[in-house]
Amino acid sequence: MNQDKTSIVPADRRPSLIVIGNGMVGHHCVERLIELGAHHHHAISVFGEERHPAYDRVHLSEYFSGRDAASLALGEAGLYADHGVALHLGEKVEKIDRTTREVVTSRGRYRFDQLVLATGSYPFVPAIPGSEGDARLVYRTLDDLDMIRAAAANARRGVVVGGGLLGLEAANALKSLGLEAHVVEFAPRLMPVQLDAEGGAALAARIEALGVGVHLSKATEAIVAGENGHRYRMRFADGSALDTDLVVFSAGIRPQDALARDCGLEIAARGGVVVNDHCASSDPAIYAIGECASWRERVFGLVAPGYRMARLVAERLAGQPSELFTGADMSTKLKLLGVDVGSIGDAHGASPGARSYRFIDERSASYRRLVVSEDGKRVLGAVLVGDNSFYDPLLQYVANAIAAPLAPEALILPAGEGAPALGIDALPDSATICSCHNVSKGTIREAIDQGCLDLASLKRETRASTGCGGCSALLKQAFEAELAARGVAVDASLCEHFSHTRQALFDLVRLEGIEDFDTLMRRHGNGGLGCDICKPAVASILASNWNRPILDPALAPLQDTNDAFMANMQKDGTYSVVPRIAGGEITPDKLIVLGEVAKKYDLYTKITGGQRIDMFGAELHQLPSIWAELLAAGFETGHAYGKSTRTVKSCVGSSWCRYGVQDSVAMALRLEHRYKGLRSPHKLKFAVSGCTRECAEAQSKDIGVIATERGWNLYVCGNGGMRPRHAELFATDLDDETLVRYIDRLLMFYVRTADRLQRTSVWRENLDGGLDYLKSVVIDDCLGVCAELERQMALVVERYECEWANALSDPEKLKRFRTFVNQNQGDPGLRYVRERGQRRPARADEIPSIVSEESA
Ligand SMILES: Cc1cc2nc3c(=O)[nH]c(=O)nc-3n(C[C@H](O)[C@H](O)[C@H](O)COP(=O)(O)OP(=O)(O)OC[C@H]3O[C@@H](n4cnc5c(N)ncnc54)[C@H](O)[C@@H]3O)c2cc1C
Ligand code: SF4
């Protein structure tokens, strides 16, 4: 950050900077202005017509699969307010008065010294007679999606007009709302801008196979009253017709340039505010960025170019050196209705002399086209349908003008056909790895120099791969190559005693049926007794595989302090006792027992965020008798001490709540009892909410389950804590059995493949291929391991035994619960004070007076 606090201008004298539009690009500009400290020198105001603060429009469709406005919001909450940026939401700017230098809204006039137009675009709806109401829906904002959802409530069939990128997303959305979806396209192929004829045909075949109707070369002439029980009928120019209950238009976008047009700024022939290489309009005090700007007669309908414009304008306004805008690559890599689609550079082979190679696999409806220069030495572009694994290397050939191999066709042949691998080493430092955030290979190198030695911190620092996420595999390659290049062997050894990764050790234990540490050390270790790293890690691996009681003689020496005493040690050396209260549900009788036990042993009691009751202050020798009383009342261990399943929090759900659509308590109990014995690389937290109001906060958990009218939505890999991470939507509308099956697979896959002490969130962030890969493993079984994962989970579930019950039945195991060897007494050094009716450990400054009172 560049914040020169000594020269901060007093607030009332600061020049006024107004940003119109709080969309993706406007927001990025404000973020960058704040980063550069421009808010100290300018009074910044932002006007947004929408009622929501800036949100991730690129992932808008996820609104239909469980995400809400809050989870799609961009940037940190409170960023604007914390930095004195005034945000006027739901306040449309109606006019720009360039003579008085004011913007006019329905609520007032606001003076500006400099203005940034970031008004984006609006969906184009062709003038078709009869297109109104539910036959004139669009797909651009959260409010648009609410209208589509409302229209879909009483509908059976929906039609999208427009077979481009957004049209196919809209069709997918209709499908996810349970409608029969159709796409009507004017051109003779789908995605006419990005794909050639064969690519479009391959895509149409894949999409039709998914049950979406594709109608090409259709010009809609009118929309009239429907027949056959449908609300509307679309009449096409060729005489054919299609009945439907709603129509979504996705026939292209137009720059939102009305304000600029009205105030006399220069407008491009095909729309858009004309800007120069600094993104300044024909009025040097007014900039235009994002989809409302036209640079050399081009409007960029992607977020990456908009972000670049936003950054350079922010730098200019902050008085920093800024680059010039030099255009943008419009290559796109998408998954549409589950089908990989990629378009790179000159996809149509429009460059003079361009030659093409094509690969078609009719069996899988995959298609690839490679466009090269006349002399075959340069790759100019490509089209990919069905397999985007070719995208990253091809993009690098095009973007960095890397010489094509002698037989360029090998670049699109299936693996094993001699395709030359393009190593990351071949890329120059200037090569862009992440185009959303403009992160080059050189920037990645610098970040590693400055100490980013794991992928998660590299992403955090550079923001690479945090936009559309398309570059995650390339980023990982670049990261590992950089470490290797500076001799930092990416040493994956667990510790000095085992030259294997945790994952490899897990597989060895499983394959060879190893059930104890000594055998593992003998067969695969480097000798020695082990250390604080490998012993608990191996204990966890053995437990996840075989689920034997952790205090069995072969396992007990491996456990760390908390596991060794099956309780969490507190700051004064006493322990906490946490019985399981599955799903947060407890009978009055059991509540009374907890009260009685706490009273008898004078334990401090506290209700936790995980919906159970912790009792603090138990001395080691008291633990067995406390637990004996709890077990007699039907409690069992809550595993609060282990790297294992903790709690499944739940709301009260449909049994009591008038909003509930499923029985969240019953599901929480089922999940908690199923996974309560599972040992894992780190603790696991779950929650189940009975409806989308989400009272159980499931989206901040490793496993979050939210009820829908049709079943359950599953969210994965979230956490609270120091670095909160929102869980990601993994699958929707699952029935009970499928939900449990997916959780079985996902948790076992995590348990098998994560590093030691890696929470699901970090594991997921480092997972090559990201969420899509995880889905393909768990849902599509792309690795063919799901049956094995399920078997393994079944074994863990079957072998569950309360660890405290097991320990209490064995006098040998109980011997370790003594505060002093050979004595069964407590620790006389412990001192307490009473506060709010309970005791707590005395602070250091309180101890002298307690001691003098005792000796008086
Ligand atoms: C469903 C969908 C999927 C997409 N997928 C991708 C993708 O995969 N990759 C990609 O690169 N891009 C994608 N895009 C495009 C991407 O979202 C846009 O490029 C990006 O949002 C442009 O940002 P912007 O700020 O210029 O415009 P916007 O995000 O549209 O923001 C403009 C804002 O200005 C406000 N505004 C307009 N006029 C006024 C006024 N007079 N007063 C106040 N406020 C005003 C608007 O209400 C709007 O909120 C997708 C878009 C959609 C709709
Ligand atoms: S999440 Fe829904 S069902 Fe559960 S308590 Fe809240 S409103 Fe009720």
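Residues numbered from 1 in each chain as written. Chains lettered and ligands numbered in written order. Predicted model: local features only at pLDDT ≥ 70, side-chain atom pairs only at ≥ 80, totals over all residues. Heavy atoms only, no water.

Remarks on the overall build of the protein chain
For step 1, the next point in the chain: A tally of helices and strands in the protein chain yields 26 helices and 38 strands.
For step 2, the next point in the chain: Computed over C-alpha atoms, the radius of gyration of the protein chain comes to 31 Å, within 12% of the 29 Å expected from 2.2 N^0.38 for 856 residues, which places it in the range of a compact globule.
For step 3, the next point in the chain: Residues counted as buried form 53% of the 856 residues belonging to the protein chain. (Helix = DSSP H or I, 4+ residues; strand = E, 2+ residues; numbered from the N terminus. Rg over C-alpha atoms; globule rule 2.2 N^0.38 Å. Buried < 20%, exposed > 50% of the residue type's maximum accessible area, 1.4 Å probe, protein only.)

Notes on the pattern of salt bridges
For step 1, the next point in the chain: Tallying each qualifying case throughout the model produces 51 salt bridges.
For step 2, the next point in the chain: One salt bridge in this structure joins arginine 51 and aspartate 143, with 2.7 Å as the shortest N-O distance. Taken together, the positions of arginine 51 in the loop between β2 (43–48) and α2 (69–72) and aspartate 143 in helix α4 (residues 142–152) put the pair 92 residues apart, joining distant regions of the chain.
For step 3, the next point in the chain: Across the pair glutamate 728 and arginine 725 runs a salt bridge whose closest N-O atoms are separated by 3.3 Å.
For step 4, the next point in the chain: Assessed through its relative accessible area of 14%, arginine 725 is described here as buried.
For step 5, the next point in the chain: The network of salt bridges with common partners includes Glu835, Arg836, Arg840, Arg843, Asp845 and Glu846. (Salt bridge = Lys/Arg side-chain N within 4 Å of Asp/Glu carboxyl O.)

A few points about the environment of phenylalanine 124
For step 1, the next point in the chain: Among the structural elements, phenylalanine 124 can be located in the loop between β8 (121–123) and β9 (137–138).
For step 2, the next point in the chain: Separated by 129 residues in sequence, phenylalanine 124 and isoleucine 253 have C-alpha atoms that sit 5.1 Å apart.

Observations concerning the site of ligand 2
For step 1, the next point in the chain: With respect to spatial proximity, the complete set of residues near ligand 2 consists of Cys651, Gly653, Cys657, Tyr659, Gly660, Gly690, Cys691, Arg693, Glu694 and Cys695.
For step 2, the next point in the chain: When its residues are assigned to classes, the shell around ligand 2 shows five nonpolar, three polar and two charged. (Near = heavy atom within 4 Å. Nonpolar A, V, L, I, M, F, W, Y, C, P; charged D, E, K, R; others polar.)

Topic: the site of ligand 1
For step 1, the next point in the chain: Lining the immediate environment of ligand 1, one finds 29 residues, of which Glu50, Arg57, Arg140, Glu291 and Val303 sit closest.
For step 2, the next point in the chain: Within the side chain of glutamate 50, a nitrogen or oxygen atom sits 2.6 Å from an oxygen atom of ligand 1.
For step 3, the next point in the chain: Between ligand 1 and the protein, one listed contact pairs an oxygen atom with a side-chain N or O atom of arginine 140 at 2.6 Å.
For step 4, the next point in the chain: When isolated, ligand 1 has an accessible area of 990 Å², and the protein chains bury 93% of it.
For step 5, the next point in the chain: Listing elements by their share of the shell around ligand 1, those giving two or more residues are α1 (24–35), β2 and α5 (165–176).
For step 6, the next point in the chain: If one sorts the elements of the shell around ligand 1 by residue count, α1 sits on top with three residues.
For step 7, the next point in the chain: Class assignment for the residues of the shell around ligand 1 results in 13 nonpolar, nine polar and seven charged. (Polar contact = N/O pair within 3.5 Å; in protein donor to acceptor, adjacent residues only side chain to side chain. Areas by Shrake-Rupley, 256 points an atom, 1.4 Å probe, with all protein chains shown as cover.)

Regarding empty space enclosed by the protein
For step 1, the next point in the chain: What the rule picks out here adds up to two cavities of 30 Å³ or more.
For step 2, the next point in the chain: Computed from the structure, the largest cavity encloses a volume of approximately 80 Å³.
For step 3, the next point in the chain: Contributing to the lining of the largest cavity are Ala543, Asn547, Arg548, Pro549, Ile550, His639, Gly677, Arg679, Arg799, Tyr800, Glu801 and Glu803.
For step 4, the next point in the chain: Lining the second largest cavity are 11 residues, and of these Leu455, Lys459, Ser472, Glu765 and Leu767 lie nearest its centre.
For step 5, the next point in the chain: Only α11 (455–462) and α12 (472–485) provide two or more residues apiece to the lining of the second largest cavity.
For step 6, the next point in the chain: Each residue belonging to the lining of the second largest cavity can be placed in one class, and the counts come to four nonpolar, three polar and four charged. (1 Å grid on protein atoms, 1.4 Å probe; cavity = no way out; pocket = protein on both sides within 12 Å on 5 of 7 lines; lining within 4 Å. Points joined across faces, edges and corners; volume = space filled by probe spheres on them.)

Structural notes on the pairing of strand β34 (residues 703–708)
For step 1, the next point in the chain: Among the six residues that make up β34, six are buried, leaving the element largely enclosed by the rest of the structure.
For step 2, the next point in the chain: Where burial is concerned, the two faces of β34 agree: the one with Ile703, Val705 and Ala707 and the one with Gly704, Ile706 and Thr708 are both buried.
For step 3, the next point in the chain: As defined by bridge partners, β34 adjoins strand β35 (residues 711–716) across six bridges and the pair is classed as antiparallel. Bridging across to β35, valine 705 finds its partner in leucine 714.
For step 4, the next point in the chain: Between β34 and β35, which pair antiparallel in sequence order, lie two residues. (Pairing = 2+ DSSP bridges.)

Topic: the nonpolar core
For step 1, the next point in the chain: Counting 90 residues, the largest nonpolar core has Leu117 and Ile289 as the members making the most contacts within it.
For step 2, the next point in the chain: At eight residues, the largest contribution of residues to this core is made by helix α8 (residues 303–317).
For step 3, the next point in the chain: With sequence-adjacent residues up to four places away left out, leucine 117 is seen in contact with Ile20, Ile96, Leu259, Ala260, Leu265, Val273, Ile286, Tyr287, Ala288, Ile289 and Cys292.
For step 4, the next point in the chain: In this structure, Leu558, Ala668, Val740 and Val777 belong to the second largest nonpolar core, which totals 60 residues. (Core = buried A, V, L, I, M, F, W, Y, C linked by side-chain atoms within 4.5 Å. Contact = heavy atoms within 4.5 Å.)

Thoughts on the sheet that holds strand β15 (residues 241–244)
For step 1, the next point in the chain: Spatially, three strands are ordered β13-β14-β15 in an open sheet, and the strand pairing comes out antiparallel. Here the strands that pair on one side only, and so sit at the sheet edges, are β13 (220–225) and β15. For this sheet the average axis-to-axis angle between neighbouring strands, irrespective of direction, equals 20°.
For step 2, the next point in the chain: Sheet topology note: the strand β14 (residues 232–236)/β15 ladder contains four bridges and is antiparallel. Its bridge partner lying in β15, arginine 233 is registered against aspartate 243. (Axes fitted to C-alpha atoms, helices over the stretch in contact; angles between N-to-C directions.)

Concerning the state of the cysteines
Note: disulfide means a covalent bond formed between the sulfur atoms of two cysteine side chains.
For step 1, the next point in the chain: Summed over the entire model, instances satisfying the criterion amount to zero disulfides.
For step 2, the next point in the chain: No disulfide involves cysteine 29; its sulfur sits 9.7 Å from the nearest other cysteine sulfur, which is in cysteine 279. (Disulfide = S-S within 2.5 Å.)

Focus on the domain arrangement of the protein chain
For step 1, the next point in the chain: For the protein chain, the assigned domains are domain 1 (16–120 + 256–318), domain 2 (123–254) and domain 3 (568–799).
For step 2, the next point in the chain: Taking only C-alpha atoms, the centre of domain 2 and the centre of domain 3 are 42 Å apart. (Domains from an automatic or database assignment.)

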